[in-house]
Amino acid sequence: MYIAPISTDNLLSEAEKENLYVKLIEQLNKDFNFANEPIDLPLNLLPDELKAQLHEKIYRLIQYKFAEYLSLLYIVDVPEDQVKKLDGSDIMELSQQVSFLILKREWMKVWFRNRF
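Before going into details, it helps to say that this report is about the structure given with it. Nothing here was measured: the structure is a model prediction, and the numbers come from that model.

1. Focus on the environment of Asp 87
Next up, step 1: Looking at where Asp 87 falls in the secondary structure, it is placed in the loop between helix H5 (80-84) and helix H6 (91-115).
Next up, step 2: Put simply, Asp 87 and Gln 97 are 10 residues apart on the chain and 9.3 Å apart in space, counted from C-alpha to C-alpha.
Next up, step 3: If sequence neighbours within four positions are ignored, Asp 87 has contacts with Leu 94 and Gln 97.
Next up, step 4: A polar contact of 3.0 Å, which involves the side chain of Asp 87, links it to the side chain of Ser 89.

As structure tokens, then:
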């Protein structure tokens, strides 16, 4: 049964435990490339570095390339209602929350693909 992770750290440790961490990075790279916003995460990236690089990328997209940011959310298939619930008053906080939503959606894809 799929149980959604409650935090980024929880999600990344679950991915490592399931031996799907590399698949998660591959999925992120694939979807970011598909959105024409390559992130080029190395497969041996440590979880904290992944978290930091993803957060920085999302922050920059929100700040400087909002249309591309929206396109990325569409391509990753982040539920619109979840994004609308976020407080956009602090861009730093918003980008962390959106990074988690992206990771959650990408993890769901990887997890299901591995199970079925």
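After that view, the rundown keeps rolling.
2. A word on the nonpolar core
Next up, step 1: Ranked by internal contacts, the top residues of the largest apolar core, which has 33 residues, are Ile 58, Ile 102 and Trp 107.
Next up, step 2: Top element by residues in this core is H6. It accounts for 9 residues.
Next up, step 3: Ignoring anything within four residues of it in the chain, the contact list for Trp 107 reads Tyr 2, Pro 5, Leu 11, Glu 14, Ala 15, Glu 18, Leu 20 and Leu 24.

Cut-offs used in this document
Residues numbered from 1 in each chain as written. Predicted model: local features only at pLDDT ≥ 70, side-chain atom pairs only at ≥ 80, totals over all residues. Heavy atoms only, no water. Helix = DSSP H or I, 4+ residues; strand = E, 2+ residues; numbered from the N terminus. Contact = heavy atoms within 4.5 Å. Polar contact = N/O pair within 3.5 Å; in protein donor to acceptor, adjacent residues only side chain to side chain. Core = buried A, V, L, I, M, F, W, Y, C linked by side-chain atoms within 4.5 Å. Buried < 20%, exposed > 50% of the residue type's maximum accessible area, 1.4 Å probe, protein only.

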